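# Geometric and topological summary
Each chain is listed here by its residues.
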Amino acid sequence: MSSNKTVLISGGAGYIGSHTAVELINAGYNVVIIDNLSNSEKEAVDGVRKITGKDVVFEIVDTCDKTALRQIFKSYDFDSVIHFAAYKAVGESMAEPLMYYQNNLVSFMNIVEMMKEFNRPNILFSSSATVYGEAENLPVTEQTPRQPATSPYGNTKQIAEDILHDCCRAYEGVHGIALRYFNPIGAHPSALIGELPRGVPNNLVPFITQTAAGIRKELSVFGNDYDTPDGTCLRDYIDVVDLAKAHVAAVNRMTDCKMDAKYEIFNIGTGNPISVLELLTTFESVNNLKLPYKIAARRSGDVPAVWADTSRANEVLGWKAERPLRETLQAAWAWEKNVRNIK
Ligand code: UD1
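Residues numbered from 1 in each chain as written. Predicted model: local features only at pLDDT ≥ 70, side-chain atom pairs only at ≥ 80, totals over all residues. Heavy atoms only, no water.

Below, the discussion takes up the site of the ligand. For the ligand, the set of nearby residues contains 20 residues, the closest of which are T130, S220, R235, R299 and D302. S128 has a polar side-chain atom sitting 3.3 Å from an oxygen atom of the ligand. With respect to the ligand, the side chain of N183 contributes an N or O atom lying 2.9 Å from an oxygen atom. Relative to its free-state accessible area of 730 Å², the ligand is covered by the protein chains to the extent of 88%. Elements with a minimum of two residues in the shell around the ligand: β7 (183–185), α7 (204–212) and β8 (219–222). Sort the elements by how many residues they give to the shell around the ligand and β8 lands first, with four residues. Here the residues of the shell around the ligand are counted per class, giving eleven nonpolar, six polar and three charged. (Near = heavy atom within 4 Å. Polar contact = N/O pair within 3.5 Å; in protein donor to acceptor, adjacent residues only side chain to side chain. Areas by Shrake-Rupley, 256 points an atom, 1.4 Å probe, with all protein chains shown as cover. Helix = DSSP H or I, 4+ residues; strand = E, 2+ residues; numbered from the N terminus. Nonpolar A, V, L, I, M, F, W, Y, C, P; charged D, E, K, R; others polar.)

Spelled out as structure tokens, the structure:
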């Protein structure tokens, strides 16, 4: 472990960014959080401070603003950056593709350019299982071919992976790791940080917790006629604290100069496929609730099933998902209750 080193976290006030900040601090790193608060709240940084007891540096910066970003690189001494700052709604990206390409790619290229300019070596990029599309063989390994993206959002993940790969190959001092997340869910056990989507949630677990809180009338289960055991889609739901710890393992690997290649990719999931109905009934049973739901039409763009082969992350990063789904779903509800002041 490399203590007292500093990590820059772009998008560190967001859902995965804030949990990662906590785990990095717990592991002995200092963090500098930058975020433009376009889809996050500064209270998340207060949550990080409360949980860790550390006075975390936080600056409101848009990573698309190269001048402001250069100032951050001038002001703080760090070897590694974790780049989370991005838009992430699939449907919105279909309606506003330019906004997605502009924001997600310009911000990432600015980060890489600054790393090169300031001789900072290590870039960790938030990629997604979306790059696998509808894979022929399951579970997917890092060698499973990527499929053409079905949304501009997914395309920005693929293009950013390619940018990182090319830059690692071309620039001597630049090293990169892409973590392909499966479905991040849950919240910190303190219930001080968690997922807080604006508007109607697109993702399953926030929709479930908001339905439990009475904010949504009922959950729509998108399709029960897939070729899966109960007819609903299968996903690999990874606890956000476990996911955050995978970032610590990846940063350790980079800062300890243990990488086998200049650019590496890891799947970050549990390796367990869970159906929508299984997730719903587990949520109900661990939290002692019953939720109104209906079976609705398939959602366009959904793949029937995807889950991770996590052997590479397990063996090479020495990281494994640990938190049982039951605890993750209890934490998700505890967080929602905290946000909504439900006793
Ligand atoms: C989506 C994105 C993924 C992104 C992830 C972020 C795609 C195709 N998907 O994954 O890239 O990283 O969000 O977490 O790019 N469901 C319902 N009812 C709902 C909401 C969801 O039944 O109200 C079902 C969906 O049909 C799906 C499962 O729940 O089978 C999970 O959906 P969701 O949480 O939106 O994640 P993904 O679509 O898998």
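Tallied over the entire structure, the rule returns six aromatic pairs. Taken together, a centroid distance of 6.3 Å and an interplanar angle of 70° make the contact between F283 and W333 edge-to-face. Residue F283 is found in helix α9 (residues 276–287), and its partner W333 is found in helix α11 (residues 325–340); the two are separated by 50 residues along the sequence. W333 shares its class with F283; the two are buried. Taken together through their ring pairs, the aromatic side chains of F73, F78 and F118 make up a single cluster. The side chain of R120 reaches across the aromatic face of F78, ending 4.6 Å from its centre. One residue, R298, lies across the ring of Y226, its end atom 3.9 Å from the ring centre. (Phe/Tyr/Trp six-rings, centres within 6.5 Å; stacked < 30°, edge-to-face > 60°. Buried < 20%, exposed > 50% of the residue type's maximum accessible area, 1.4 Å probe, protein only. Lys NZ or Arg CZ within 6 Å of the ring centre and 35° of its normal.)

To characterise two packed helices, one gives the angle between the axes of the helices and the distance between these axes. Between α9 and α11, whose axes approach to 9 Å, the crossing angle comes to 70°. Of the possible angle classes, the one that applies to α9 and α11 is roughly perpendicular. Listed contacts from α11 to L279, T282, F283, S285, V286 and N287 of α9 are L325, R326, L329, Q330 and W333. Its residues placed into classes, the contact of α9 with α11 shows six nonpolar, four polar and one charged. (Axes fitted to C-alpha atoms, helices over the stretch in contact; angles between N-to-C directions. Parallel < 35°, antiparallel > 145°, perpendicular 65-115°, else oblique. Contact = heavy atoms within 4.5 Å.)

Moving on to the packing of α7 against α9. Relative orientation of the contacting elements α7 and α9 amounts to 40°, with a least axis distance of 11 Å. The hand of the α7/α9 crossing is right-handed. On α9, the residues that touch L204, V205, I208, T209 and A212 of α7 are V276, L279, L280 and F283. The class makeup of the residues in the contact of α7 with α9 is eight nonpolar, one polar and no charged. (Left-handed = near helix turned anticlockwise from the far one by under 90°.)

Taken together, seven strands build an open sheet; the order of strands is β3-β2-β1-β4-β5-β6-β11 and the sheet is parallel. Each of the sheet's edge strands pairs with one partner strand only, and the pair in question is β3 (57–60) and β11 (263–268). Adjacent strand axes in the sheet meet at a mean angle of 20°, parallel and antiparallel pairs treated alike. Direction of pairing for strand β1 (residues 6–10) relative to strand β4 (residues 80–83): parallel, over a ladder of four bridges. Bridge pairing links S10 to H83 in β4. Set on the sheet, helix α6 (residues 152–170) makes contact with β5 (122–128), β6 (175–181) and β11; between it and β5 the angle comes to about 155°. (Pairing = 2+ DSSP bridges.)

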